[in-house]
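# Geometric and topological summary
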Amino acid sequence: MSSIDRSDLQPMARERESHAESEAVRERSVARPRFARRPAATASELERLQTALETIAALIIDDPVYLPIFERLEREIELERNRADTMARARAILRQKEMVPAKP
């Protein structure tokens, strides 16, 4: 067996460790949002969900295998309506706050 000169491997190992450390620091320093922001419900999105619900309703008559999709669409529509209602309430609170005079 031939002996391998390992003296060249030491600098390579240190370089690899240094690179890994700098990558870890870079990943930690990049600002990332904790939660993805979902846009508010739009009328067209609600219309799209309603159209899909109607289509699936027609399919269920022939094959009940589509029931889970129908139920999911119903939940999605309800979530979008609730989200829109919440946004409206939040806007109303902000409007009320603007009407109250600021304290000196």
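Criteria and thresholds
Residues numbered from 1 in each chain as written. Predicted model: local features only at pLDDT ≥ 70, side-chain atom pairs only at ≥ 80, totals over all residues. Heavy atoms only, no water. Helix = DSSP H or I, 4+ residues; strand = E, 2+ residues; numbered from the N terminus. Buried < 20%, exposed > 50% of the residue type's maximum accessible area, 1.4 Å probe, protein only. Contact = heavy atoms within 4.5 Å. Polar contact = N/O pair within 3.5 Å; in protein donor to acceptor, adjacent residues only side chain to side chain. Salt bridge = Lys/Arg side-chain N within 4 Å of Asp/Glu carboxyl O. pLDDT = per-residue confidence, 0-100. Core = buried A, V, L, I, M, F, W, Y, C linked by side-chain atoms within 4.5 Å.

Looking now at the overall build of the protein chain. Each helix and strand counted, the protein chain has 3 helices and 0 strands in total. Along the protein chain, helices (α) and strands (β) appear in the sequence α-α-α when read from the amino end. Relative to its 104 residues, the protein chain shows a buried fraction of 10%. Taking the intrachain contacts of the protein chain between residues at least 6 apart in sequence as the baseline, contacts between residues at least 24 apart amount to 58%.

A word on the side chain of E80. Relative to the assigned elements, E80 resides in helix α3 (residues 67-99). Overall, the relative accessible area of 0% leaves E80 in the buried class. In this structure the side chain of E80 is engaged in a polar contact, spanning 3.1 Å, whose partner is the side chain of R83.

Glancing now at the pattern of salt bridges. Under the counting rule described, the total for this entry stands at 2 salt bridges. Two residues, R83 and E80, come together in a salt bridge whose shortest N-O distance is 3.1 Å. Placement of both R83 and E80 in helix α3 is noted, with a separation of 3 residues, approximately one turn of the helix.

Our next topic: the confidence of the model for the protein chain. Of all residues in the protein chain, 58% attain a pLDDT of 70 or more, and the chain-wide mean is 77. The secondary structure element of the protein chain with the lowest average pLDDT is helix α1 (residues 9-29), at 65, and the one with the highest is helix α2 (residues 43-62), at 93.

What follows concerns the nonpolar core. Side chains that are nonpolar tend, in soluble globular proteins, to be buried together. One finds L49, L53, I56, I60, F70, L73 and I77 forming the largest nonpolar core, which totals 7 residues. Contributing elements (two or more residues each) for this core: α2 and α3. Counting residues per element, this core draws most heavily on α2, which supplies 4 residues. In contact with I56, other than residues within four places in its own chain, are Y66, I69, F70 and L73.

Further remarks concern the environment of I56. Counting through the fold element by element, I56 comes out in helix α2. Through-space distance from the C-alpha of I56 to that of E71 is 9.8 Å; in sequence the pair is 15 residues apart.

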